[in-house]
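Topology and contacts: notes
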Amino acid sequence: MNNASGSQPATDAAQSSEVLLLQHCNECDTVQYPSREICKNCLGDALSWEPADNRGVVLATSDLHHSLITDWQSQLPWPLASVQLDCGVRVLAHNRARAGAGARVAIVAGQDPRGETLLAATALNNGVSV
């Protein structure tokens, strides 16, 4: 078994701003997020981390107005977006672009107020992340 799920950061994303690494099944080519020990489609365990299309459409937005984590409290409200990526997975991301439902965005690696990696939605200008 290729234990790919334990070898990546908690966000399952690359630390490069434009490259998004997601778990791919080598048996059925399914892309999955979040990472799992086996493929959600075929139950295969031959998994690898591959670059994925980081562009997608915002499905819904919300603002986080309360946090028990002290470091987050000065950042509230924290904008969130549910994004359907073109590669087929849905992610919850920091809505850095303040994009509304239906807007095209790119998902990039960002940092939360504590310096931990998170996914962030950025605006697209003619298909290019800005």
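Not measured: the values here are computed from a predicted model.

Let us now look at the environment of Gln 84. Mapped onto the elements of the fold, Gln 84 is located in strand S5 (residues 78-85). A sequence separation of 20 residues divides Gln 84 from Arg 104, and the C-alpha atoms of the two residues are 9.7 Å apart. When neighbours within four sequence positions are excluded, Gln 84 is seen to be in contact with Gly 56, Val 57, Leu 59, Val 89 and Arg 90. A distance of 2.6 Å separates a polar atom in the side chain of Gln 84 from a polar atom in the side chain of Arg 90.

The two faces of a sheet get side chains in turn, since along a regular strand they alternate between them. By the bridge criterion, five bridges tie S5 to strand S6 (residues 90-94) in an arrangement that is antiparallel. Residue Ser 82 lies in a different strand from S6, and its bridge partner there is Leu 92. Connecting S5 to the antiparallel partner S6 that follows it, the hairpin turn spans four residues, and Gly 88 within it adopts a positive phi of roughly 110°.

For any pair of aromatic rings, the description consists of the separation of the ring centres together with the inter-plane angle of the planes. For the structure shown, the criterion picks out one aromatic pair. Summarising the aromatic geometry, the rings of Trp 72 and Trp 78 are spaced 4.6 Å apart at their centres and angled 70° between planes, so their arrangement reads as edge-to-face. Trp 78 shares its class with Trp 72; the two are buried.

A few words on the pattern of salt bridges. This model, assessed by the stated rule, comprises four salt bridges. With a shortest N-O distance of 3.0 Å, Asp 53 and Arg 55 are connected by a salt bridge. Here Asp 86 makes a salt bridge to Arg 104, at a shortest N to O gap of 2.8 Å. With Asp 86 in the loop between S5 and S6 and Arg 104 in strand S7 (residues 104-111), the pair connects residues that are 18 residues apart, well separated along the chain.

Rules behind the numbers
- Residues numbered from 1 in each chain as written.
- Predicted model: local features only at pLDDT ≥ 70, side-chain atom pairs only at ≥ 80, totals over all residues.
- Heavy atoms only, no water.
- Helix = DSSP H or I, 4+ residues; strand = E, 2+ residues; numbered from the N terminus.
- Contact = heavy atoms within 4.5 Å.
- Polar contact = N/O pair within 3.5 Å; in protein donor to acceptor, adjacent residues only side chain to side chain.
- Pairing = 2+ DSSP bridges.
- Phe/Tyr/Trp six-rings, centres within 6.5 Å; stacked < 30°, edge-to-face > 60°.
- Buried < 20%, exposed > 50% of the residue type's maximum accessible area, 1.4 Å probe, protein only.
- Salt bridge = Lys/Arg side-chain N within 4 Å of Asp/Glu carboxyl O.

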